[in-house]
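# Architecture and fold: a report
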Amino acid sequence: MRTSRAAQVAAFGAVVVAAQLAASGAGKAFFLTQLTMSAYYTLAVLGLSLLMGYAGQISLGQAGFFAIGGYTSALLTTLDLSSRRGHPAVAALVRLHLATPRPDLFGGQVLGLSPWLACLAAVVLGAAVAVALGVPVLRLRGHYLAMATLAFGTIVSSIAVGTQALGAADGISGVPPFELVPGLRVGGGSADRVPNYYLAWGLVALAMLLLLNLIHSRTGRALAAIHGAEDAARAMGVDAGALKLRTFVLAAVTATVSGVLLTHYNGGIGPSEAGVMKSVRYVAIVAVGGMGSLWGTLTASAVLNFLSLRGYFGAYDDAVFGGILVAVMLFFPDGILAADLRALLSRVAPRRAPGEET
Amino acid sequence: MRATRFGAVAGMLAAAFAATAKEPIRIGALVAVTGPAAYLGAPEARTLEMVVQELNAKGGVAGHPVELVVKDTGGNSDKAVSFARQLIEEEKVFAIVGPTTSGETLQVKAVAEEGRTPLLSMAAAEAIVNPVAPHVFKVAPKDSFAVEMIFGRMKKMGITRIGFLSSNTGFGKAGKEQVEKLAPAYGIQVVVNEVYDKAATDLTAEVTKLKAAGVQAVLNWSIEPAQAIVIKNVRQMGLAVPVFQSHGFANVQYARAAGAAAEGVIFPASRIVVAEALPASHPQKGVVEAYKKAYEARYHEDVSTFGGHAWDSLMILARAVEQAGADREKARSAIEGLKGFVGTAGIFSFSAADHNGLDPSCFELLTVKDGRFVPLGP
Amino acid sequence: MTLELLLQYLVAGLTYGSIYAVVAIGFNIIYNATGIINFAQGEFVMLGGMIAVSLSRAVPLPLAVAGAVAATAAVGALVEVAFVRWLKRPGVLRLIVITIGVAILLREGALAAWGEGVRSLPYFTGDEVSAISLAGARVSPQVLWVLGTTALIVAFLSFFFGHTMVGWEMRACASNREAAALCGIPTRNLVTLSFVLSAAIGALAGCVVSPITYTSYAIGGPLAIKGFTVAILGGLGNSGGAVAAGLVLGVLESLSVSLLPTAYKDVVTLTILLAILVVRPSGLFGSREASRLRDFG
């Protein structure tokens, strides 16, 4: 019997709760911090999994979109407008509660833009860049697409490192927590640890629900058709170009949102988040989880990010991801977890079309 | 009968020994052992291990054995934040040494302060201690000291037009800010001001631009191999002007890498790199020579100022604990009260307002002669 | 700008350009034989330099270079045999990801073996300050070695592919693998040969540029990015195009320094790459035909 999507997500929710209770109960509540960070990275990886697994498009630039989200919100929320209070635009923002005074780390007062505004700006920018990049680039295939996305990621990284206003090599720090609703804020304070954990994984659950629904809809089947045999799909009337673009933008937006939230959680962002190595990690995680399996990718992301953030791999962190990449691609091209999870959760993904060409 | 008496004495001794063994002090270290800042972080990590062993061989700090937990951030700020939280909340470290780079330090400054854990950064950015956060200190000298020393010399040499090259790292950026800020006060005009990528392999084009502008001196601010590449390019191009470097040049492997081109380069450095040339009366002589000997014997490589920062931060912590006991807040206050502490980077005198503790005399102008660092005469 | 300065920028540009060109040629050889873009190409350059420096402590320089080239060629063969040879019908996606993983492993392996320090071979002729005057521009003798080596590599390759049996077989393999196999050409071994050749060329380049650029475990990545920018600019698979594109890009970069802030030099190069990919993926000198993606397997 086919497990319904809702039931799968509910089961996932149960796992999340159980993990929190176990961690808090065992006195290891600090695990939750790294699990929360893993959750935000997982958002970005899920978007990539949709793009690579279902639409069959490779992107080595996912970290670039993450950086666009993180840097935009960091830049906007750390702007101090106190010196420009008199300006009509600033006064309007204050009246609309889009700019509020808040204390900084050292007892001073700054007038900062509302994180909601910054988040909106980041998402709009991320989507716009995705469209601008996607329209010309998604026509390419295979190697060319990989290199174009790699070039994009490197451009974002170079701009982040080379621009003084973005903090250059130091990045931006002092980013305030993101108050979603009064009382619930995305931030790293230890008092907020448990609510933040549930918030982060709750967002992941929401994203899973949305993506699963997408996969099982007409759009999802069309995506799978494109992945399997693009020309045949076109012949059947599927607007491949539009679909690929929409998927690309969706993946970009998940990365952008992920960047915004993690930046608020960490209180800052640095140029290493935009680097090629990060994009490669995301791809490695999608590969491990199985390019056709969202649940597989989620599990792989939670585990690998958690271990990496705890420093489990020590100085060999990059080597481990490189090794995983090679091993999985050689021996488990369908992902290590795909097989087992399919048995456990029954059919989640539509059957992949025969052949593996992109 | 004799046996039981012997056993009783042995038992009492054992009990006495156990009673005197104190709780270990756990010190966390955030170091960029691998990654783009490995030039800084790897010597730092090695120094930390060496110093901890030395301390424990002498019975620890005030009787407390020292435990070191090193986390390799790879120069990544997200790892730095994650490990900082881990060290503070999970490992419950007494204090944190590091991070290696300014960017990482600025990201973890709030985390350390919120966790009320003393942090002794090995990075140089002014923003680390300005504004002052009560628990955050830094042991690396201010870039402005280095810049002022260089500019002072240039003024003396009658140089007014310079070309300035810096790398796109936190180190280069910090130097650039100070250079731009301080140049006018010394009557120096920066006619060419260029930033190059840290992975740059050849800077002939940038140096050509300097030649075209007719500069009277070249100032380069970076810590990568680019330092050596710049001087080679300058000399190969026949640009016969004095070349000044930042204190990042204070690692003899770069002088060696640049070979004949390094002759005559002028740069400020802390005295650790000219330990042998120091007069016996110099207050730092004992400390730097001992560190240099131990490090070079153990690791078979030359000392650098970065490893020295690691030594300074651990030993400052050790001194604070010796004075005030194994309590975080008391140790923190003790650091603030430390005056005249002899370190490798200079002589530290902290205060509530000054969490760096160094003054311009920590630097000395050096030059390269026959492939070795020697003090530059007046 | 005086003529002398212009020449100086040109020479700088030719230096960078030939470094990029040699990396691009390496990409092209493997691409031509297999359709794979080998993201680990930059690491071969790095390995050549690193191994040569280690060997040069024990044997004279020419032997050290020869040894490094041979050792890296062996690594290339190993990479092919271990990671590529036995794959049945791998997709392009899979291969790209594999070569990226291999690049990371080689880099981390170098870090483990040699540490993070920077090293270089001694100058082949002269030293760090010697320079030759060419019509007013001053050039390090090593630059002439780089240019000469690039020319030699191009000459050797055109001889190899134009006038030797093995070279013809590789070309046959490249243009239609199945037909080549039907003719009795040992395609699998030729694939290995292509990796060996690429690795050897990369290693030689790594040795000859090492005095100029220094070698460390991390130089492979940025070199690879520049290298395939040039390979695409010149048309994937077209080695003559790669050389021309490399020199052009090098000179453009060099001249851009005289005009723009250098902080964005890489951004400019990569934007050019993106633009070329979008507008004319066959590159400046490639043909539409050649730019059709080849299948491997």
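Residues numbered from 1 in each chain as written. Chains lettered and ligands numbered in written order. Predicted model: local features only at pLDDT ≥ 70, side-chain atom pairs only at ≥ 80, totals over all residues.

### Section: the overall build of chain B
If you tally the helices and strands in chain B, you get 12 helices and 14 strands. For 378 residues, the compact-globule estimate of 2.2 N^0.38 gives 21 Å, and chain B sits close to it at 23 Å. Overall, chain B is about 95 × 40 × 35 Å in size when its C-alpha atoms are taken along their principal axes. Per-residue burial for chain B yields a buried fraction of 59% across its 378 residues. Excluding contacts between residues fewer than 6 apart, the proportion of contacts in chain B whose partners are at least 24 apart in sequence is 67%. (Helix = DSSP H or I, 4+ residues; strand = E, 2+ residues; numbered from the N terminus. Rg over C-alpha atoms; globule rule 2.2 N^0.38 Å. Buried ≥ 20, exposed ≤ 12 C-beta atoms within 10 Å, placed from the backbone. Contact = placed C-beta atoms within 7 Å.)

### Re the overall build of chain A
A count of helical and extended segments in chain A gives 14 helices and 6 strands. The globule rule puts the C-alpha radius of gyration for 358 residues at 21 Å, and the 21 Å found for chain A is close to it. Counting the 358 residues in chain A, one finds 53% classified as buried. Of all intrachain contacts in chain A linking residues separated by at least 6 positions in sequence, the fraction that spans at least 24 positions is 80%.

### A few points about unusual backbone geometry
Residue and element names in this part refer to chain B. Note the cis peptide between Gly98 and Pro99, where omega equals 0°. Examined against the element boundaries, Pro99 turns out to sit in the loop between strand 3 (95-97) and helix 4 (102-114). In this structure, the amide linkage connecting Asn130 to the following residue, Pro131, adopts the cis form with an omega of 5°. Relative to the helices and strands, Pro131 is located in the loop between strand 4 (119-121) and strand 5 (136-138).

### Things to note about the interface of chain B and chain C
Across the boundary between the two partners, chain B contributes 32 residues, which contact 31 residues of chain C. Counting residues per element, the ones that place at least two in the side of chain B that touches chain C are helix 2 (38-57), strand 7 (189-196), helix 7 (204-213), helix 8 (226-236) and helix 9 (252-258) of chain B. At 6 residues, the largest contribution of residues to the side of chain B that touches chain C is made by helix 7 of chain B.

### A closer look at the packing of helix 3 (residues 62-78) of chain A against helix 6 (residues 142-162) of chain A
Residue and element names in this part refer to chain A. Taken N-terminus to C-terminus, the directions of helix 3 and helix 6 make an angle of 35°; their axes are 8 Å apart at the nearest point. Contacts between helix 3 and helix 6 involve Ala63, Gly64, Ala67, Ile68 and Tyr71 on the former and, on the latter, Phe152, Gly153, Val156 and Ala160. Its residues assigned to classes, the contact of helix 3 with helix 6 shows 7 nonpolar, 2 polar and no charged. (Axes fitted to C-alpha atoms, helices over the stretch in contact; angles between N-to-C directions. Nonpolar A, V, L, I, M, F, W, Y, C, P; charged D, E, K, R; others polar.)

### Remarks on the confidence of the model for chain A
Residues and elements named next belong to chain A. The predicted model of chain A has a mean per-residue pLDDT of 83, with 91% of residues at 70 or higher. Here helix 14 (residues 338-345) stands out as the element of chain A with the lowest mean pLDDT, 44, in contrast to helix 3, whose mean of 94 is the highest. Segment residues 338-353 is flagged for pLDDT under 50; beyond a separation of four residues in sequence, or across chains, it makes 32 contacts in the model. (pLDDT = per-residue confidence, 0-100.)

### Quick word on the interface of chain A and chain C
Accessible area lost upon the coming together of the parts serves often as the stated size of an interface. Chain A puts 35 residues into the contact, and the matching count from chain C is 30 residues. Residue assignment for the side of chain A that touches chain C shows that the elements contributing at least two residues are helix 5 (115-137), helix 6, helix 11 (276-289) and helix 13 (317-331) of chain A. Per-element tally for the side of chain A that touches chain C: the top contributor is helix 6 of chain A, with 13 residues. For the side of chain A that touches chain C, the class distribution of residues is 23 nonpolar, 8 polar and 4 charged.

### Observations regarding the confidence of the model for chain B
Residue and element names in this part refer to chain B. For chain B, the average pLDDT comes to 88, and 94% of its residues sit at 70 or higher. At the level of individual helices and strands, chain B shows its lowest average pLDDT in helix 1 (residues 2-20), which scores 51, and its highest in strand 3, which scores 96. Per the prediction output, this complex has pTM 0.86; the corresponding ipTM is 0.85.

### Examining helix 4 (residues 88-95) of chain A
The element helix 4 of chain A is largely exposed, with a buried count of 0 among its 8 residues. A:His97, located one to two residues past helix 4 of chain A, shows a positive phi value of around 60°.

### Regarding the environment of B:Thr47
Residues and elements named next belong to chain B. On the secondary structure map, Thr47 appears in helix 2. Exposure remark for Thr47: the 29 C-beta atoms within 10 Å place this residue in the buried category. In this view, Thr47 contacts Tyr295, Gly307, Ala310 and Trp311; residues no more than four positions away in its chain are not counted.

### Here we look at the sheet that holds strand 4 of chain B
Residue and element names in this part refer to chain B. Spatially, the 5 strands line up as an open sheet ordered 2-1-3-4-5, and their pairing is parallel. One side of each edge strand has no neighbouring strand; the edge strands of this open sheet are strand 2 (66-72) and strand 5. The mean angle between the axes of side-by-side strands here comes to 20°, regardless of whether they run parallel or antiparallel. The sheet contact formed by strand 3 and strand 4 spans 2 bridges and is parallel. Paired with Val97 across the strands is Leu120, a residue of strand 4. Where helix 2 meets the sheet, it contacts strand 1 (25-31), strand 2 and strand 3, and its direction lies at approximately 170° from that of strand 2. Relative to strand 1, helix 3 (residues 77-90) is tilted by about 175°, and along the sheet it contacts strand 1, strand 2 and strand 3. (Pairing = 2+ DSSP bridges.)

### Section: the environment of A:Leu51
All names here are of chain A. In this structure, Leu51 sits in helix 2 (residues 31-54). Remark: the alpha-carbon pair of Leu51 and Thr149, spanning 98 residues in sequence, is separated by 13 Å. Leu51 has contacts with Gln57, Ser59, Thr247, Phe248 and Ala251, leaving out every residue within four places of it along the chain.

### Here we look at the pairing of strand 8 (residues 217-221) of chain B
Residues and elements named next belong to chain B. Across the 5 residues that make up strand 8, a large majority, 5, are buried. As judged from the 5 bridges shared by strand 6 (residues 161-167) and strand 8, these two strands associate in the parallel manner. Bridging across to strand 8, Gly163 finds its partner in Val218. Where strand 8 and strand 9 (residues 243-245) come together, 3 bridges link them in parallel fashion. By the bridge assignment for strand 9, Val218 is matched with Val243.

### Quick notes on the domain arrangement of chain B
Residue and element names in this part refer to chain B. If you check the domain split of chain B, you get domain 1 (19-141 + 286-360) and domain 2 (143-269). Between the C-alpha centres of domain 1 and domain 2 there is a distance of 30 Å. Domain 1 puts 13 residues into the contact, and the matching count from domain 2 is 14 residues. Contributions of two or more residues to the side of domain 1 that touches domain 2 are made by helix 2 and helix 4. Considering only residue class, the side of domain 1 that touches domain 2 consists of 7 nonpolar, 5 polar and 1 charged. (Domains from an automatic or database assignment.)

### Quick word on helix 8 (residues 187-213) of chain C
Residues and elements named next belong to chain C. The end-to-end C-alpha distance of helix 8, which contains 27 residues, comes to 37 Å, matching closely the 39 Å that a straight helix rising 1.5 Å per residue would cover. Roughly 30° is the biggest bend found in helix 8, and it falls at Cys207, with proline Pro211 one to four residues downstream. Counting buried positions along helix 8 gives 23 out of 27 residues, so the element sits mostly inside the fold. Residue Tyr214 follows helix 8 closely and has a positive phi angle near 65°. (Expected span 1.5 Å × (residues − 1). Bend = angle between axes of the 7 residues up to and from the residue.)

### With respect to the environment of C:Ala151
Residues and elements named next belong to chain C. Assignment of secondary structure puts Ala151 in helix 5 (residues 141-163). Ala151 sits in the exposed class, given 12 other C-beta atoms within 10 Å. Ala151 sits 106 residues away from Val45 along the chain, and the two C-alpha atoms are 17 Å apart.

### Considerations on the packing of helix 7 of chain B against helix 1 (residues 3-34) of chain C
Running from amino to carboxyl end, helix 7 of chain B crosses helix 1 of chain C at an angle of 170°, the nearest separation of the two axes being 9 Å. Classified by the interaxial angle, the pair formed by helix 7 of chain B and helix 1 of chain C is roughly antiparallel. Two secondary-structure elements touch here, helix 7 of chain B through B:Thr204, B:Ala205, B:Thr208 and B:Ala212 and helix 1 of chain C through C:Leu5, C:Gln8, C:Tyr9, C:Ala12 and C:Thr15. Looking at side-chain class alone, the contact of helix 7 of chain B with helix 1 of chain C contains 5 nonpolar, 4 polar and no charged residues. (Parallel < 35°, antiparallel > 145°, perpendicular 65-115°, else oblique.)

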